[in-house]
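Structure assessment
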Amino acid sequence: MYTQALNTAETDDRGLEDVAKAAQFQARIDAEERIEPNDWMPAAYRKTLTRQISQHAHSEIVGMLPEGNWITRAPTLRRKAALLAKVQDECGHGLYLYAAAETLGASREELVDAMLAGKAKYSSIFNYPTLTWADIGTIGWLVDGAAIMNQIPLCRCSYGPYARAMIRVCKEESFHQRQGYEIMVTLCRGSDEQKAMAQDALNRWWWPVLMMFGPPDAASQHSDASTKWKIKRFSNDELRQKFVDATVPQAQYLGLTIPDPGMTQDADGHWRYSEIDWTEFKQVLAGNGPCNRDRMAARRKAHGEGAWVREAAAAYAAKRARRQTAQAAE
Amino acid sequence: MATPNTPLWEVFIRSRNGLAHKHVGSLHASDATMALQAARDIYTRRGEGLSIWVVPSTAITASDPAEKGMMFEPAESKIYRHPTFYEVPDEVGHM
């Protein structure tokens, strides 16, 4: 999802670690115990989680950019306030997640630097442009809808700080999806042009949203360890199918057509979608999506322009510490 | 020589698997190890916890409750941060 199974599998290095500890760790996982920061954990578990949680955090932060594009151009004050609140939430989610990653021993600075250097990934979905106001509705409805589908099982993931961060995030995401769907309802009840705008946005976002769930199970590299460690509770394809089944009736209510003429409903009621263009997914991940360079440039610019603030805060804290030491010595 | 004052510690307990530590109260102890043992004896006599944190009370920076109005005002006027502010037709079901 926001981490998209991009992780290459960590080699199982338990052979090098204390075998008894590793067995005890797996027994705790199997018993549905949560692993907490001070607990012993295999190095590969720590590394996998650090990568997954930090990628998730980067995605929240980069995810502010496509929506931020429309804050100044929202059609009404109500919509503008809502969009601003939503973008603020995405920032907050990024911060919960960075803090959860830091409980594993990584520093915020090194995580952020890895992203700015292009070494750490973020979700492919944020490399698509927001061309019209209907894109804002579609992002709330579909992108946040897909994120919720992925994040609800993460509320039960084996690592306590990540699971608790997800509980907070999920509570807040509900507003995001509803505000998006409300925009879509309004557009679809509007003029022909507005409805066409909504359809156009759905056409452009549908397939990239399905790609958010990551590669098909047959090609997914790292699911085994993550499943065994109960970081991942459903496979990419299972979550994708759940999402499609939930979304089709919502599109029908809007009177919009999902841009997949081959889609059929099977005997069990599941909506079977056509083959996804994984070449596009790989291209976007490789940095060749429509907005990859813009997004990275925007993040680097913001980080660079914030440097003086970080320096000033550190200098002020150091000055206060010196003063306190001096006063204590008197 | 006068006995130095014994420092105050704040006690946090994780009551169940997967939950965050929650503040339960304070206690006096000379050092962290004794604070942990005292916390166990004072606050978990009936198996209330799976794990305990103790934090020197002086390490806590708190907001002033008397200024809560000003402190939390920014959130008060923003009802649009809540899901119920948005209308989703009943036919669409839960979202």
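Quick caveat: nothing in here was measured; it's all calculated off a predicted structure.

**A closer look at the overall build of chain B**
Helices and strands together make up the secondary structure of chain B, namely 2 helices and 3 strands. Seen in sequence order, chain B has helices and strands lined up from the N terminus as β-β-α-β-α. A globule of 95 residues ought to have a C-alpha radius of gyration of about 12 Å, yet chain B, at 21 Å, is considerably larger. C-alpha atoms of chain B, sized along the principal axes, occupy 75 × 35 × 15 Å.

**A look at the sheet that holds strand S2 (residues 22-28) of chain B**
Residues and elements named next belong to chain B. Spatial strand order, S2-S1-S3: 3 strands in an open sheet with antiparallel pairing. Two strands bound the open sheet, and with one partner strand each, they are S2 and strand S3 (51-56). Direction aside, neighbouring strands of the sheet carry axes that sit 30° apart on average. The sheet contact formed by strand S1 (residues 8-14) and S3 spans 6 bridges and is antiparallel. The residue bridging Phe12 from the neighbouring strand is Trp53, located in S3. Helix H1 (residues 32-43) contacts S1, S2 and S3 of the sheet and is inclined by roughly 115° relative to S2.

**Thoughts on the interface of chain A and chain B**
Opposite the 22 residues of chain A that make contact, chain B presents 17 residues. Of the roughly 1,900 Å² buried at the junction of chain A and chain B (both faces included), carbon and sulfur atoms supply 59%. Remark: the boundary between chain A and chain B carries 1 salt bridge. The partner of Arg14(B) in a salt bridge is Glu36(A), with the nearest N and O atoms 3.2 Å apart. Scanning the region where chain A abuts chain B turns up 10 residue pairs in polar contact (both at pLDDT 80 or more). Of all the secondary-structure elements, those providing two or more residues to the side of chain A that touches chain B are helix H4 (77-102), helix H7 (160-188) and helix H10 (236-254) of chain A. Per-element tally for the side of chain A that touches chain B: the top contributor is H7(A), with 9 residues. Considering only residue class, the side of chain A that touches chain B consists of 8 nonpolar, 5 polar and 9 charged.

**Quick look at the packing of helix H2 (residues 43-62) of chain A against H7(A)**
All names here are of chain A. At a minimum axis separation of 12 Å, H2 and H7 run at an interaxial angle of 25°. On the basis of the axis angle, H2 is roughly parallel to H7. Remark: the crossing between H2 and H7 carries left-handed chirality. Residue-level contacts link Leu49, Gln52, Ile53, His56 and Glu60 of H2 to Tyr162, Met166 and Glu173 of H7.

**Re the confidence of the model for chain B**
Across chain B, the average pLDDT comes to 92, with 99% of residues at 70 or higher. Confidence metrics for the complex model read pTM 0.90 and ipTM 0.84.

**So, the confidence of the model for chain A**
Here chain A shows a mean pLDDT of 93. Residues at 70 or above account for 94%. Confidence over residues 5-9 of chain A falls short of pLDDT 50; this stretch has 19 contacts with residues more than four positions distant or in other chains.

**A few points about the nonpolar core**
Generally speaking, nonpolar side chains in soluble globular proteins are found buried as a group. Of all hydrophobic cores here, the largest spans 87 residues; its most connected members are Tyr45(A), Trp141(A), Tyr159(A) and Trp206(A). A total of 11 residues in this core trace back to one element, the largest contributor, which is H7(A). Beyond its immediate chain neighbours, meaning those up to four positions away, Trp141(A) contacts Gln177(A), Gly180(A), Tyr181(A), Met184(A), Leu202(A), Thr247(A), Gln250(A), Ala251(A), Leu254(A), Leu256(A) and Met95(B). If you look at the next biggest cluster of nonpolar residues, it comprises 9 residues, including Trp9(B), Val11(B), Ala35(B) and Ala39(B).

**Quick look at a positive patch on the surface**
Residues and elements named next belong to chain A. Taken together, Lys319, Arg320, Arg322 and Arg323 make up a surface patch of like positive charges. Inspection of the secondary structure assignment puts Arg323 in helix H13 (residues 307-329). Judged by relative accessible area, Arg323 falls into the partly exposed class, the value being 46%.

**Structural notes on the packing of aromatic side chains**
All names here are of chain A. Under the criterion given, the structure shown has 12 aromatic pairs over all chains. Judged by centre distance (4.9 Å) and plane angle (70°), the ring pair of Phe25 and Tyr45 falls under edge-to-face. Taken together, the residues Phe25 in helix H1 (residues 19-30) and Tyr45 in helix H2 connect sequence positions 20 residues apart. Given the relative accessible area of 3%, Phe25 is considered buried. Tyr45 gets classed as buried once you look at its relative accessible area, which sits at 0%. Taking the centre distance of 5.5 Å and the plane angle of 45° together, the rings of Phe213 and Phe243 count as tilted. One end of the pair, Phe213, is in the loop between helix H8 (192-211) and helix H9 (223-228); the other, Phe243, is in helix H10, with 30 residues separating them in the sequence. Comparing Phe213 with Phe243, the two get one shared label, buried. Connected via pairs of aromatic rings, a cluster forms that spans Phe25, Trp40, Tyr45 and Trp229. Over the face of the ring belonging to Trp70 we find Arg73, whose NZ or CZ atom lies 4.3 Å from the ring centre. Residue placement shows Lys242 over the ring face of Phe234; its charged tip is 4.2 Å from the ring centre.

**Here we look at the side chain of Thr132(A)**
Residues and elements named next belong to chain A. With respect to the element layout, Thr132 can be found in the loop between helix H5 (108-116) and helix H6 (133-154). Its relative accessible area of 17% is what places Thr132 among the buried residues. Those residues in contact with Thr132, other than ones at most four positions away along the chain, are Trp70, Met197 and Arg204.

**Thoughts on the packing of H4(A) against H5(A)**
All names here are of chain A. At a minimum axis separation of 9 Å, H4 and H5 run at an interaxial angle of 115°. The two elements H4 and H5 cross, and the hand of that crossing is right-handed. Of the residues in H5, those in contact with Leu95, Tyr98, Ala99, Ala101 and Glu102 of H4 are Arg108, Leu111 and Val112. A breakdown of the residues in the contact of H4 with H5 according to their chemical character gives 6 nonpolar, no polar and 2 charged.

What counts as what
Here the residue index of a chain counts from 1 through its sequence in written order. To read the labels, note that chains go from A and ligands from 1, taken in the order they are written. Selection of residues for local features in this predicted model requires a pLDDT of at least 70, selection of side-chain atom pairs for listing and counting requires 80 or more, and totals for whole chains, interfaces and linings are taken over all residues. To get the side-chain values, take all heavy atoms of the structure and skip hydrogens and water. The way it works is that DSSP assigns letters per residue, a run of H or I at least four long becomes a helix, a run of E at least two long becomes a strand, and they are numbered from the N terminus. The quantity called the radius of gyration is restricted to C-alpha atoms. Its globule counterpart is 2.2 Å times the number of residues to the power 0.38. Strands are treated as partners if at least two bridges between them are detected by DSSP. Note on method: axes are straight lines fitted to C-alpha atoms, helices fitted across the in-contact stretch only, with angles between N-to-C directions ranging 0 to 180 degrees. Every residue pair with non-hydrogen atoms within 4.5 Å of one another is taken to be in contact. Once two parts are joined, some of their accessible surface, as seen by a 1.4 Å probe, is lost; buried area is that loss totalled over both. Counted as salt bridges are all cases of a side-chain nitrogen of Lys or Arg within 4 Å of a carboxyl oxygen of Asp or Glu. Counting of polar contacts relies on pairs of N or O atoms within 3.5 Å, with two restrictions inside protein: one atom must be capable of donating a hydrogen and the other of accepting it, and residues adjacent in sequence are counted only when both atoms are side-chain atoms. Following the grouping adopted for this structure description, the nonpolar residues are Ala, Val, Leu, Ile, Met, Phe, Trp, Tyr, Cys and Pro, the charged ones are Asp, Glu, Lys and Arg, and the polar ones are all others, Gly among them. Just so you know how the angles are binned, under 35 degrees is roughly parallel, over 145 roughly antiparallel, 65 to 115 roughly perpendicular, and the rest oblique. By convention the crossing between two helices is left-handed if the near helix lies anticlockwise of the far one by an angle smaller than a right angle, and right-handed if it lies clockwise. The predictor attaches a confidence to each residue, and that confidence, scored 0 to 100, is pLDDT. Nonpolar cores were defined as sets of buried Ala, Val, Leu, Ile, Met, Phe, Trp, Tyr and Cys residues, with membership established by side-chain atoms within 4.5 Å. Categorising residues by exposure relies on relative accessible area from a 1.4 Å probe, with only protein chains included: less than 20% of the type maximum marks a residue as buried, more than 50% marks it as exposed, and the intermediate range marks it as partly exposed. Like charges within 9 Å and nonpolar side chains (Val, Leu, Ile, Met, Phe, Trp, Tyr) within 5 Å are joined into patches, using only residues over 30% in relative accessible area that form no salt bridge. All accessibility values rest on the Shrake-Rupley procedure with a 1.4 Å probe; residue burial counts only the protein chains present in the view. Two residue types count as positive, namely Lys and Arg, and two as negative, namely Asp and Glu; His and chain ends fall outside the count. One atom stands in for each charge, and that atom is NZ of Lys, CZ of Arg, CG of Asp or CD of Glu. Here the aromatic set is Phe, Tyr and Trp, taking the six-membered ring for Trp, and pairing holds for ring centres within 6.5 Å; pairs whose planes are under 30 degrees apart are stacked, those over 60 apart are edge-to-face, and all others are tilted. Definition used: whenever NZ (Lys) or CZ (Arg) falls within 6 Å of the ring centre and also within 35 degrees of the ring normal, the charge is taken to sit over that ring.

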